[in-house]
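Listed below, chain by chain, are the residues.
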Amino acid sequence: MPPKPGEKKRTCVSSSDEEKSSHVLVDDAILKDLQAKLDKLNVLDQINERLIRIENDISTIKGKVAQLEDGLNYTNSELAEMKGKLEEKVEKDLLKDVEREVEDLRNRSRRNNLVFYNIPEKAEGQDCAAFIKGFINTHMGLEALCGDAEIERAHRTPTKVPVNNNNKPRPVHVAFLRYTDKVKILSNAAARLKDNPYQGRLIGVGADFAKETQERRKALIPFKKHLQNKLGWERKVFIAYPAILKYLDERGNPKIVRDGDFKKLKGEMQEEEEGRW
C-alpha cells in the first residue's frame, strides 16, 4: 500500500531532524572538549602565574637572606672585635690588679719604716742604725717619749753618692722593730724638726712607700696645697694611705676628694696660674 503523502513527509522530516541532532551532538562534544582544553589552559595559566609569583617571592627571600647574611657577617665581625677589645681590657685590668696587689705588698713590707730626708752624706759614719737612734733621742728629743726604739736596719737609698755638697743627700731608710715606735716618731717629727736644722740642713721625716705609691702621692701635693689655702689652715688637709686626698669638713668629719672635685680644683689652679701672668 503506497504511503500517504503525509507519512512520507513525516519520514523525511524525521531524517532531517536526526541529522541535525547528530550535528548538534558533535558540535556540543567539540565545544565541551574545547572548553575543557580552555579550562586546562586557564588552570595552566593560573599555575604559571603562581609559579612566577613563587619565583619572585623566592628571589625576594633570597635577597633578604643575603642581606641577613651580610648583617650577620658584620655582626660577627663586630662581636669578634668587641671580644678582642674585651679580652684586652680584661688582661689590662687583671695586670693592673696584680700591679696594685704587688704595690700593696711592698707598702705592707714597709709598714714599720720611716725615711729621713736631707741628712748630710757621711754624717752616719760606719753605723747608720746607731746614728739614727742617736738623732731621734738627742736631736729630736724623743728619748723620753719613745724610750729604747729598736731599729732593725738603716741604710741610704742605694744610688750613686752625690759628687759635692750642693747635691741633695740620699734619703736614709729606717726599719723599726715596732710599729708603735714608728708612729710616735712620725707624729712628732714635724714639730721637733721645725726650725731645728742639723748641720745647717732642715731634716724631713716621712713614711716609706713603694715607688708607685710615692709617685701617686707626689702628684697629689699641688692639690693638697691649693685645697689647704682654700679651706684655711684651721681645716686639716692630708694625704691618706695609700694615695687618697682627704680634708676635714666644718664638723671635723673626714671627706675624700673625688674625681669631680679634682677637676674643679684643677680649673681653679689654672685660673690662679693665669692670673699671675
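Residues numbered from 1 in each chain as written. Predicted model: local features only at pLDDT ≥ 70, side-chain atom pairs only at ≥ 80, totals over all residues. Heavy atoms only, no water.

## Points about the pairing of strand S5 (residues 237-240)
Okay, so step 1: The pairing of S5 with strand S6 (residues 244-248) spans 4 bridges and is classified as antiparallel. Bridge pairing in S6 links Phe 238 to Lys 246. (Pairing = 2+ DSSP bridges. Helix = DSSP H or I, 4+ residues; strand = E, 2+ residues; numbered from the N terminus.)

## Describing helix H2 (residues 128-139)
Okay, so step 1: Over its 12 residues, H2 runs 15 Å from end to end, which matches the ideal 16 Å to within 8%, given 1.5 Å per residue.
Okay, so step 2: Listed as buried for H2 are Cys 128, Phe 131, Ile 132, Phe 135, Ile 136 and Asn 137.
Okay, so step 3: The opening residue of H2 is Asp 127, an N-cap whose side-chain oxygen sits 3.4 Å from the backbone nitrogen of Ala 129.
Okay, so step 4: In the segment just after H2, Gly 141 is the residue with positive phi, at about 65°. (Expected span 1.5 Å × (residues − 1). Buried < 20%, exposed > 50% of the residue type's maximum accessible area, 1.4 Å probe, protein only. Polar contact = N/O pair within 3.5 Å; in protein donor to acceptor, adjacent residues only side chain to side chain.)

## Points about the sheet that holds strand S7 (residues 254-256)
Okay, so step 1: Read from one edge of the open sheet, 3 strands run S5-S6-S7, paired in antiparallel fashion. Two strands in the sheet have a free side with no partner beyond their single neighbour: S5 and S7. Along the sheet, successive strands turn relative to each other by an average axial angle of 35°, direction set aside.
Okay, so step 2: Along the sheet, helix H5 (residues 211-231) makes contact with S5 and S6, crossing S5 at roughly 160°. (Axes fitted to C-alpha atoms, helices over the stretch in contact; angles between N-to-C directions. Contact = heavy atoms within 4.5 Å.)

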